[in-house]
Amino acid sequence: MKLITNNSLVITVAICLGIQPVSTDLYLPTLPAIASELNATPGEAQLTFAALLMSFGIFQFLFGVLSDRYGRKPILLSGFFFYIISSVAASLVHSIEALVLARVMQGIAMAALFVCGRSIPRDVHHPHEATQVLSKGLTGLGLIACFCQVIGGYLSSYFGWRVTFLAIAGYGALSFIWIAYFQKETLLPENKTFISWRVINKNVRKILVNKYFLIYTLMMSASYAGLYIFLANSSFLFIGEGLLEPYEYGFIMLMMPCGHVTGTFLCRYLIRRLSIEKATIFGGAFSLASSSLLYLLTVGEPVRPFLFMSIFVLYTISHGINLSCSSSGSVVPFPKSAGQASALSGLIMLLIGSSVSLFFGKIHEADNFYTIFILGIFSSSVMVATSAYLINRYK
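Residues numbered from 1 in each chain as written. Predicted model: local features only at pLDDT ≥ 70, side-chain atom pairs only at ≥ 80, totals over all residues. Heavy atoms only, no water.

Asks: Please set out the overall build of the protein chain residue by residue, giving values where relevant.
Replies: Across its full length, the protein chain carries 17 helices and zero strands. Relative to a compact globule of 395 residues, whose C-alpha radius of gyration would be 21 Å, the protein chain shows 20 Å and is just as compact. Counting all 395 residues of the protein chain, 60% fall into the buried class. For the protein chain, the share of sequence-separated contacts (at least 6 apart) that also reach a separation of at least 24 residues comes to 88%. Between the centroid of the 25 positive side chains of the protein chain and the centroid of its 16 negative side chains there is a distance of 19 Å. (Helix = DSSP H or I, 4+ residues; strand = E, 2+ residues; numbered from the N terminus. Rg over C-alpha atoms; globule rule 2.2 N^0.38 Å. Buried < 20%, exposed > 50% of the residue type's maximum accessible area, 1.4 Å probe, protein only. Contact = heavy atoms within 4.5 Å. Lys, Arg positive; Asp, Glu negative; His and termini not counted. Charge placed at Lys NZ, Arg CZ, Asp CG, Glu CD.)

Asks: Quick one: what's the story with helix α13 (residues 255–273), residue by residue and with numbers?
Replies: If you check α13, its first and last C-alpha atoms are 27 Å apart, about what 19 residues at 1.5 Å a residue would give, namely 27 Å. Turning to α13, its buried residues are M256, P257, G259, H260, V261, G263, T264, C267, R268, L270 and I271. (Expected span 1.5 Å × (residues − 1).)

Asks: For the side chain of D25, give the residues involved together with the corresponding values.
Replies: Tracing the sequence through the fold places D25 in the loop between α2 (19–24) and α3 (31–37). Of the side chains with opposite charge, R103 comes closest to the buried, unpaired D25, at an N-O distance of 8.8 Å. Of note is the side chain of D25, whose polar atom sits 3.0 Å from the side chain of T24. Residue contacts for D25: discarding those within four places in its chain leaves Q20, A145, C148, Q149 and L231. (Salt bridge = Lys/Arg side-chain N within 4 Å of Asp/Glu carboxyl O. Polar contact = N/O pair within 3.5 Å; in protein donor to acceptor, adjacent residues only side chain to side chain.)

Asks: How would you summarise the pattern of salt bridges if you had to cite specific residues and measurements?
Replies: Enumeration according to the criterion identifies one salt bridge in this entry. Across the pair R162 and E37 runs a salt bridge whose closest N-O atoms are separated by 3.0 Å. With a gap of 125 residues between them, R162 in helix α9 (residues 161–182) and E37 in helix α3 connect regions that are remote in the sequence. For E37, a relative accessible area of 43% puts it in the partly exposed group.

Asks: I'd like to hear about the nonpolar core, residue by residue, with values.
Replies: The nonpolar side chains of a soluble globular protein tend to be buried, and buried together. Counting residues in each nonpolar core, the largest one holds 88 residues, and the members touching the most others are F230, L231, F308, F312 and F373. With 14 residues, the next largest nonpolar core counts I215, Y216, A388 and I391 among its residues. (Core = buried A, V, L, I, M, F, W, Y, C linked by side-chain atoms within 4.5 Å.)

Asks: Can you break down the state of the cysteines residue by residue, with the values?
Replies: Disulfide: a covalent bond connecting the sulfur atoms of a pair of cysteines. Under the defined criterion, the tally for this structure stands at zero disulfides. No disulfide involves C325; its sulfur sits 3.6 Å from the nearest other cysteine sulfur, which is in C267. Given the relative accessible area of 0%, C325 is considered buried. (Disulfide = S-S within 2.5 Å.)

Asks: Tell me about a nonpolar patch on the surface, and name the residues and values.
Replies: Taken together, the side chains of Y154, Y158, F159, Y247 and F251 present a nonpolar region at the surface, about 580 Å² in accessible area. Those elements giving two or more residues to the nonpolar patch turn out to be α8 (127–158) and α12 (246–252). With respect to the helices and strands, the residue F159 is situated in the loop between α8 and α9. (Patch = residues over 30% accessible without salt bridge, like charges linked within 9 Å, V, L, I, M, F, W, Y side chains within 5 Å. Areas by Shrake-Rupley, 256 points an atom, 1.4 Å probe, with all protein chains shown as cover.)

Asks: Provide a residue-level description of the packing of helix α6 (residues 72–90) against α9, including the pertinent values.
Replies: The geometry of α6 relative to α9 is characterised by a closest axis approach of 8 Å and an angle of 160° between their N-to-C directions. By the angle between their directions, the pair α6 and α9 is classed as roughly antiparallel. The hand of the α6/α9 crossing is left-handed. Residue-level inspection shows K73, L76, L77, F80, F81, Y83, I84, S87, V88 and A90 of α6 in contact with α9, the latter providing W161, F165, I168, A169, G172, A173, S175, F176, I179 and A180. Of the residues assigned to the contact of α6 with α9, the class counts are 16 nonpolar, three polar and one charged. (Axes fitted to C-alpha atoms, helices over the stretch in contact; angles between N-to-C directions. Parallel < 35°, antiparallel > 145°, perpendicular 65-115°, else oblique. Left-handed = near helix turned anticlockwise from the far one by under 90°. Nonpolar A, V, L, I, M, F, W, Y, C, P; charged D, E, K, R; others polar.)

Asks: Before we move on, could you go through empty space enclosed by the protein and cite the residues and values that matter?
Replies: Enumeration over the complete set of coordinates arrives at two cavities of 30 Å³ or more. Approximately 210 Å³ is the volume found for the largest cavity. For the largest cavity, the lining is made up of 18 residues, of which D25, L141, L227, M256 and H319 are closest to its centre. By residue class, the composition of the lining of the largest cavity is 10 nonpolar, seven polar and one charged. (1 Å grid on protein atoms, 1.4 Å probe; cavity = no way out; pocket = protein on both sides within 12 Å on 5 of 7 lines; lining within 4 Å. Points joined across faces, edges and corners; volume = space filled by probe spheres on them.)

Asks: So, unusual backbone geometry: which residues are in play, and what are the values?
Replies: One non-glycine residue, N39, lies in positive phi territory at about 55°. Relative to the assigned elements, N39 resides in the loop between α3 and α4 (42–58).

Asks: Got a sec to walk through the environment of G142? Specific residues and values, please.
Replies: Note on placement: G142 falls in helix α8. Spatially, the C-alpha atom of G142 lies 5.2 Å from that of V261, the residues being 119 residues apart in sequence. Apart from residues no more than four positions distant in its own chain, G142 is found in contact with P257, H260 and V261.

Asks: Go over the packing of helix α5 (residues 60–70) against α6, please, and point to the residues and values.
Replies: Two elements in contact, α5 and α6, have axes whose closest approach is 7 Å; the angle formed by their N-to-C orientations is 135°. The orientation of α5 relative to α6 falls into the category oblique. When α5 is examined against α6, the residues F63, L66, S67, D68 and Y70 are found in contact with a partner set consisting of R72, P74 and I75. Of the residues belonging to the contact of α5 with α6, the class tally is five nonpolar, one polar and two charged.

Asks: Outline α6, listing residues and values.
Replies: The terminal C-alpha atoms of α6 lie 27 Å apart, and with 19 residues this matches the ideal 27 Å at 1.5 Å per residue to within 8%. Buried within α6 are the following residues: R72, I75, L76, G79, F80, Y83, I84, S86, S87 and A90.

Asks: Tell me about the packing of aromatic side chains, and please be specific about residues and values.
Replies: Summed over all chains, the structure comprises 18 aromatic pairs. Centre to centre, the rings of F308 and F373 are 6.0 Å apart; their planes meet at 20°, and the pair counts as stacked. Within this pair, whereas F308 is found in helix α15 (residues 305–329), its partner F373 is found in helix α17 (residues 369–393), the two being separated by 65 residues in sequence. With respect to burial, F308 and F373 carry one shared label: buried. One aromatic cluster in this structure is built from F230, F238, Y249, F308, F312, Y315, F369, Y370 and F373. It is R103 that lies over the ring of Y27; its NZ or CZ is 3.9 Å from the centre. Sitting over the face of the ring of F265, R268 holds its NZ or CZ atom 4.6 Å from the ring centroid. (Phe/Tyr/Trp six-rings, centres within 6.5 Å; stacked < 30°, edge-to-face > 60°. Lys NZ or Arg CZ within 6 Å of the ring centre and 35° of its normal.)

Structural data, given as C-alpha cells:
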C-alpha cells in the first residue's frame, strides 16, 4: 500500500539522509579555523567530529524503538527541532569543550533523523522497490553533499566558522517545514510495536544472529570507516599544510559527492540488470582499486590534492554502491522491526567510525602519519571486498 507518492518519499529520504553531509562536509573546511580560534590542537578539533559520530551511533537504537512504536513523523519533527537548537548552540560557543558538547547534541538529533530515513522506504515498499527508493534518496544525499562542499568552503573563507553552523541550523529549519506540511506517516498501524523490553530483547537477538544483517552491516561499516578516515583528516592534510585555501578545498571536494552520485546511479543499473548481491561485487572492486592506487601512487611522494582526489573518487563511487545495497540489505529481513534493524546497523557502523576517527586524531602528529592514513583506507577496502564475497557466497 502506497501512502505517499514516490517523488515526495524520495525527497523525504534524501532530506533525512542528507543530514549527515550537512553535519560533516559543511563544517570540515572550518576545522583548522576552529582549532585556531578556540586554542585547540588538531586532535582536539577532530574530537568534534568523533563526538558527533559516537552520539549519532549510540542513540540510533533508542530512536529505532521509538519510531517503530510511535511512527516516523513524530520522531522526525522532534529530531529536526532538537537539531536546530543544537546547531545554533554550536555557533555561540567559546571553548572546544562546549563545541564538543553541542556536537554530541547534534549527533543525538541526527540519530532520530537517519533511522527514520532508512526505515521509511521499507514501510511503503517491498524489498526490491525499497532498495530503489533508498538508492534515489542516496543520490539526493550526494547532491546535497555537492552543495555542502562548496558552501562550507565559501562560508569558512569569507564569514567564519560560526556562520557555517547557522547555515546548518537553516537546513534543519527548512527540513522541519517539509516534514510538518508535506510528509505523511508511513508506518501502518498494524506494524507499530509496543515498547516491551522482552520483545525488544527478542527482536535484537533475532536481528543480531541474522547472517545477512551482519554481512551487510560489515560492508556498510567498512565503507564508512574508510570515508571517515579521509573526512576527519582531509582539511588538515590539504588546508592545514597550506596546500589549499578553504574555498579551494570546497571545490576540489566536489569530486567526492560526484563520485557518490555516480555510484548510486550505477547501483540502480546493476540491481535492474543483475541483483543486489552482484552489485556489491562492483562496489568491492572499485574500493580495492582506489585504495591500492592511493598506496602505489601517493605514499612516499609530496601530497598533491588533485591527484589524491582523482584516485579517491573511485572509493566514493564504491561507497555509493555499497551504501545503497547495505542500507537496504540490512533491514529487508525485518519488515516489522525495520527501525530497530536500521538503528542497530547504524550503531555498529558509527561506533566503528567514531573509534577510527579518534585513533587517527591521536596519531595525527606521527612522522609516518600519511602512510598509516592510506593503509587505514586500504584496510577498509579489504573489508568491503570481503563482505561482497560473503554476500554472494551465502545468497
